[in-house]
Amino acid sequence: MTAVAIVGAGPAGFYAAEALKLADQTLEVHLYDRYPMPFGLTRYGIAPDHQRLKAPAQLFQRTGAMPGVRFFGGVEIGHDVSLDVLRSTYSAVLLAHGAQADERLTLNGTTPVEVRTAREMVAWYNGVPDIPADDFNLQRQHVVIIGNGNVAIDIARVLSRPVNELAVTDISDRALLELHRSQVRRVHLIGRRGPVQARFTTRELRELGELPGVAVRLRPQYLELGAACQTELDHHSGDQARRNIDLMRDWATCQTHPDSYRELHLHFGLVAEAMERDADGHGQLLLRRMRLVGAPFAQRSEPTDEQIRLRCDLLISSIGFQVISLPGLDLPCSPGLSHAQGRVLDAQGLLIPGLYVAGWAKRGPSGVLGTNRACAQETVQSMLADRSNWPQPESGAMKILLDRLFAGDIPPVVWEDWLHLDHLEKEIGRAEGRPRIKFDDMNKLHDVLRKYRSSKPRAE
Ligand SMILES: Cc1cc2nc3c(=O)[nH]c(=O)nc-3n(C[C@H](O)[C@H](O)[C@H](O)COP(=O)(O)OP(=O)(O)OC[C@H]3O[C@@H](n4cnc5c(N)ncnc54)[C@H](O)[C@@H]3O)c2cc1C
Ligand SMILES: NC(=O)c1ccc[n+]([C@@H]2O[C@H](COP(=O)([O-])OP(=O)(O)OC[C@H]3O[C@@H](n4cnc5c(N)ncnc54)[C@H](OP(=O)(O)O)[C@@H]3O)[C@@H](O)[C@H]2O)c1
């Protein structure tokens, strides 16, 4: 039997598992994930009010049920099992561990109000189970989000959407509770460049204008474009930006929202510099106004003399993610691990036999779910082409590893466990008219699993 291990049961891991099995049904494919539940950011990233976008999970569900595919949830490679052990146990190891760190926002001096990252907020509202229920306090009126990507938009939307609309989604119960008490009245989205360079997609932007009770505001001056921006917009690659600008022009010229109880402000060309408290004890974010200089598509931001202040009770940095290497590998990642068609290269640019990479860990933290399919397929093609040169695993190593994992206090979550949890989540959700209610508490999750396992003798 030839067995391959995949580190990370997110989209890239599942697309790779599918491609491996379609190419050779006799391959054993073992997916390891540090979380007990599979599907990565499909489950823990995509916003709860975007259920439709989670559809690829149905395909992953079918892949997970294929004979010869096994799932080991709650096993962190580099912590619970070293990468060396994994490599000596399997013929090949594919890294699909995503981007597990944040780009860091730097502010001068101390920050008197809470500064959090998009990763933390998304994990909290999506029910990642190792997070305290009260991780976010929304008893604040003014929230500032730094970043002009789709993640920043997701967060702005979740903070602004009427709670009754979120209550019919799979948002975590802990977030729902806090959103019921939310005092948030004003959300600012801050881009460091102009509206033409914003990364968000039009569909996501448009949704902000459709939120009941929410007024989207922006200064018309932001839409007075310089010649270089106009050239970028007129270029055939500027379709999305053009649609965004048209939408924002509508918002900028039609600014009466008598029924709104929340405001969502879009800002451009601003860089956060520091935070202070005003005489009333409120946080104030100091931002530098920037201007774009240079030729089209090569414009850079330059600081101006103008500084502005925004009241800020909670600052969320949504400026992108970072791929990090796994412990024991310690390779630079910029933006992903260095590779040749998915074959991992060492610091000298030499191939590391039997080690592969796919998804965000390969390309860096950009691209939607579907992007990972072609990416994983490319890697799988390289794997299959190399197959005769794969290192020989140590004999008996697989049994030793699995015996050790299943003898531990908390045995891995296997596919059958997941199917049970999935069924329960959906069943509990159905009773409340929701797609599912996620187990977002690790202790509760393990209690449920213990009960299930004890009710069902099984051979492992
Ligand atoms: C907040 C957010 C919202 C998004 N919304 C959308 C959307 O609406 N639509 C869309 O198409 N795309 C969306 N995306 C993009 C999409 O989620 C990514 O393209 C995709 O998830 C990347 O897949 P991946 O498998 O490379 O990484 P991930 O989805 O991050 O999966 C990596 C997996 O590896 C596991 N892992 C990490 N380290 C280890 C380890 N040491 N040992 C074992 N397991 C490990 C993680 O737990 C995770 O399950 C969003 C991304 C983010 C961040
Ligand atoms: N609905 C969806 O389909 C959906 C939802 C969420 C996420 N996603 C995808 O997931 C990927 C990740 O999204 P993302 O929003 O995290 O990343 P992103 O699209 O790369 O956006 C990051 C934003 O942060 C800004 N930024 C970076 N460094 C900064 C700094 N130091 N100071 C201020 N601003 C800074 C960037 O500005 P610059 O442009 O100036 O660098 C950019 O506006 C994207 O491919 C996205 O499309 C898709």
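Everything that follows concerns the structure shown earlier in this document.
Residues numbered from 1 in each chain as written. Chains lettered and ligands numbered in written order. Predicted model: local features only at pLDDT ≥ 70, side-chain atom pairs only at ≥ 80, totals over all residues. Heavy atoms only, no water.

**Q** Help me understand the nonpolar core, please; the structure alone is not making it clear to me.
**A** Within soluble globular proteins, side chains that are nonpolar generally end up buried alongside one another. Residues Y125, L208 and L266 are the most contacted members of the largest nonpolar core, which totals 105 residues. Considering each element in turn, this core owes the most residues, seven residues, to helix 1 (residues 11-23). Per-domain counts for this core show at least three residues from each of domain 1 (3-100 + 323-413) and domain 2 (103-321). Listed in part, the 32 residues of the second largest apolar core include V7, Y32, V323 and L329. (Core = buried A, V, L, I, M, F, W, Y, C linked by side-chain atoms within 4.5 Å. Buried < 20%, exposed > 50% of the residue type's maximum accessible area, 1.4 Å probe, protein only. Helix = DSSP H or I, 4+ residues; strand = E, 2+ residues; numbered from the N terminus. Domains from an automatic or database assignment.)

**Q** In this structure, what is going on with empty space enclosed by the protein? I would like to understand it.
**A** A water-sized probe rolled over the atoms picks out the places where empty space is left. Counted according to the given criterion, the structure contains one cavity of 30 Å³ or more. If you trace the largest cavity, you find it lined by D102, E103, T117, A118, R119, V151, S317, S318, I319, G320 and F321. For the lining of the largest cavity, the class distribution of residues is four nonpolar, four polar and three charged. (1 Å grid on protein atoms, 1.4 Å probe; cavity = no way out; pocket = protein on both sides within 12 Å on 5 of 7 lines; lining within 4 Å. Points joined across faces, edges and corners; volume = space filled by probe spheres on them. Nonpolar A, V, L, I, M, F, W, Y, C, P; charged D, E, K, R; others polar.)

**Q** Sorry, what's going on with the packing of aromatic side chains here?
**A** Between two aromatic rings, the relevant description is the distance of the centres plus the angle of the planes. Taken as a whole, this structure holds 15 aromatic pairs when the rule is applied. Between Y35 and Y44, the ring centres sit 5.3 Å apart and the planes meet at 70 degrees, which makes this aromatic pair edge-to-face. Judged by its relative accessible area of 15%, Y35 is buried. Pairwise contacts between aromatic rings join F14, Y15, F39, F60, F71, W415 and W418 into one cluster. The ring centre of F136 lies 4.2 Å from the NZ or CZ of R116, which sits over that ring. Above the face of the Y222 ring, R219 is positioned so that its terminal group lies 5.2 Å from the ring centre. (Phe/Tyr/Trp six-rings, centres within 6.5 Å; stacked < 30°, edge-to-face > 60°. Lys NZ or Arg CZ within 6 Å of the ring centre and 35° of its normal.)

**Q** Looking at this structure, how should I read the site of ligand 1?
**A** In the neighbourhood of ligand 1, 32 residues make up the surrounding shell, with D33, L41, W360, G367 and L369 lying closest. One nitrogen or oxygen atom from the main chain of L369 is found 2.9 Å from an oxygen atom belonging to ligand 1. Protein contacts shield 93% of the accessible area of ligand 1, which totals 1,000 Å² for the unbound molecule. Those elements giving two or more residues to the shell around ligand 1 turn out to be helix 1, strand 2 (28-33) and helix 6 (150-160). Partitioning the shell around ligand 1 into residue classes produces 18 nonpolar, ten polar and four charged. (Near = heavy atom within 4 Å. Polar contact = N/O pair within 3.5 Å; in protein donor to acceptor, adjacent residues only side chain to side chain. Areas by Shrake-Rupley, 256 points an atom, 1.4 Å probe, with all protein chains shown as cover.)

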